[in-house]
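Residues per chain, in single letters:
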Amino acid sequence: MAFVVTEPCKGCKYTDCVVVCPMECFYEGGDMLYIDPVECIDCGACELECPVNAIYRDSDVPEKWQAYIALNAERVKTSPLIKEKKEPLARSM
Ligand code: SF4
Ligand code: F3S
């Protein structure tokens, strides 16, 4: 079990999630963050922090965003670790 970052994070990256994670399992992509499913201890702290509700427990990811489960697991391998909050991206929509 692990938590997963999904679509609403895209173009957003509020990074409130990063600072509450006790395991440092967030990795930063160009337009969104990813959670390492191996490092995540399933504490749920990040889910409550995200202002746009982008984070879900893997078993609760909405059907339309199921592909993000594999995407998180894959992208953490090539993305840098992020441990601190930073300025969010401006939403273009
Ligand atoms: Fe980190 Fe907990 Fe979120 Fe997993 S559920 S990414 S351990 S804050
Ligand atoms: Fe993204 Fe929400 Fe974290 S927008 S960076 S998952 S606080």
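A quick note: this is a predicted structure, and the numbers were derived from the prediction, not measured.

## A look at the overall build of the chain
Next, step 1: A tally of regular secondary structure across the chain gives three helices and four strands.
Next, step 2: Helices and strands appear in the chain in the N-to-C order β-α-β-β-α-β-α.
Next, step 3: Against the globule reference of 12 Å for 93 residues, the chain gives a C-alpha radius of gyration of 12 Å, in line with a compact fold.
Next, step 4: Considering only C-alpha atoms, the chain reaches an extent of 30 × 30 × 25 Å along its principal axes.
Next, step 5: For the chain, the proportion of its 93 residues judged to be buried stands at 40%.
Next, step 6: Within the chain, contacts between residues separated by at least 24 positions form 72% of all contacts whose residues are at least 6 apart in sequence.
Next, step 7: With the model as given, the accessible surface of the chain reaches about 5,300 Å², and the carbon-plus-sulfur share is 52%.
Next, step 8: Here the chain holds 10 positive side-chain charges and 16 negative ones, and the gap between their average locations is 5 Å.

## Side note on the nonpolar core
Most often, soluble globular proteins keep nonpolar side chains buried together rather than apart.
Next, step 1: In terms of nonpolar packing, the biggest core is built from 25 residues, with Val5, Cys17, Phe26, Leu33, Ile35, Cys46 and Ile55 touching the most fellow members.
Next, step 2: Every element with two or more residues in this core is listed here: strand 1 (3-5), helix 1 (16-20), strand 2 (26-28) and strand 3 (33-35).

## Some points on the packing of aromatic side chains
Next, step 1: Scanning all chains against the criterion turns up one aromatic pair.
Next, step 2: When the ring of Tyr56 is compared with that of Trp65, the centres are 6.1 Å apart and the planes differ by 55°; the resulting orientation is tilted.
Next, step 3: Its relative accessible area of 14% is what places Trp65 among the buried residues.
Next, step 4: One residue, Lys64, lies across the ring of Trp65, its end atom 4.7 Å from the ring centre.

## Quick notes on the pattern of salt bridges
Next, step 1: A full pass over the atoms with the stated rule returns five salt bridges.
Next, step 2: We note a salt bridge from Glu28 to Lys13, for which the minimum N-O separation is 2.8 Å. Within this pair, whereas Glu28 is found in strand 2, its partner Lys13 is found in the loop between strand 1 and helix 1, the two being separated by 15 residues in sequence. For the pair Glu28 and Lys13, one class covers both residues: buried.

## Topic: the site of ligand 1
Next, step 1: Inspection of the region around ligand 1 gives Phe3, Cys21, Pro22, Met23, Cys25, Phe26, Ile35, Cys40, Ile41, Cys43, Gly44 and Cys46 as its neighbouring residues.
Next, step 2: Broken down by class, the residue content of the shell around ligand 1 amounts to 11 nonpolar, one polar and no charged.

## With respect to the environment of Pro37
Next, step 1: Its location among the elements puts Pro37 in the loop between strand 3 and helix 2 (45-49).
Next, step 2: Along the sequence, Pro37 and Val76 sit 39 residues apart, while their C-alpha atoms lie 8.9 Å from each other.
Next, step 3: Discounting residues that sit within four places of it in the chain, Pro37 has contacts with Met1, Ala2, Ala73 and Val76.

The rules behind these values
Residues numbered from 1 in each chain as written. Chains lettered and ligands numbered in written order. Predicted model: local features only at pLDDT ≥ 70, side-chain atom pairs only at ≥ 80, totals over all residues. Heavy atoms only, no water. Helix = DSSP H or I, 4+ residues; strand = E, 2+ residues; numbered from the N terminus. Rg over C-alpha atoms; globule rule 2.2 N^0.38 Å. Buried < 20%, exposed > 50% of the residue type's maximum accessible area, 1.4 Å probe, protein only. Contact = heavy atoms within 4.5 Å. Areas by Shrake-Rupley, 256 points an atom, 1.4 Å probe, with all protein chains shown as cover. Lys, Arg positive; Asp, Glu negative; His and termini not counted. Charge placed at Lys NZ, Arg CZ, Asp CG, Glu CD. Core = buried A, V, L, I, M, F, W, Y, C linked by side-chain atoms within 4.5 Å. Phe/Tyr/Trp six-rings, centres within 6.5 Å; stacked < 30°, edge-to-face > 60°. Lys NZ or Arg CZ within 6 Å of the ring centre and 35° of its normal. Salt bridge = Lys/Arg side-chain N within 4 Å of Asp/Glu carboxyl O. Near = heavy atom within 4 Å. Nonpolar A, V, L, I, M, F, W, Y, C, P; charged D, E, K, R; others polar.

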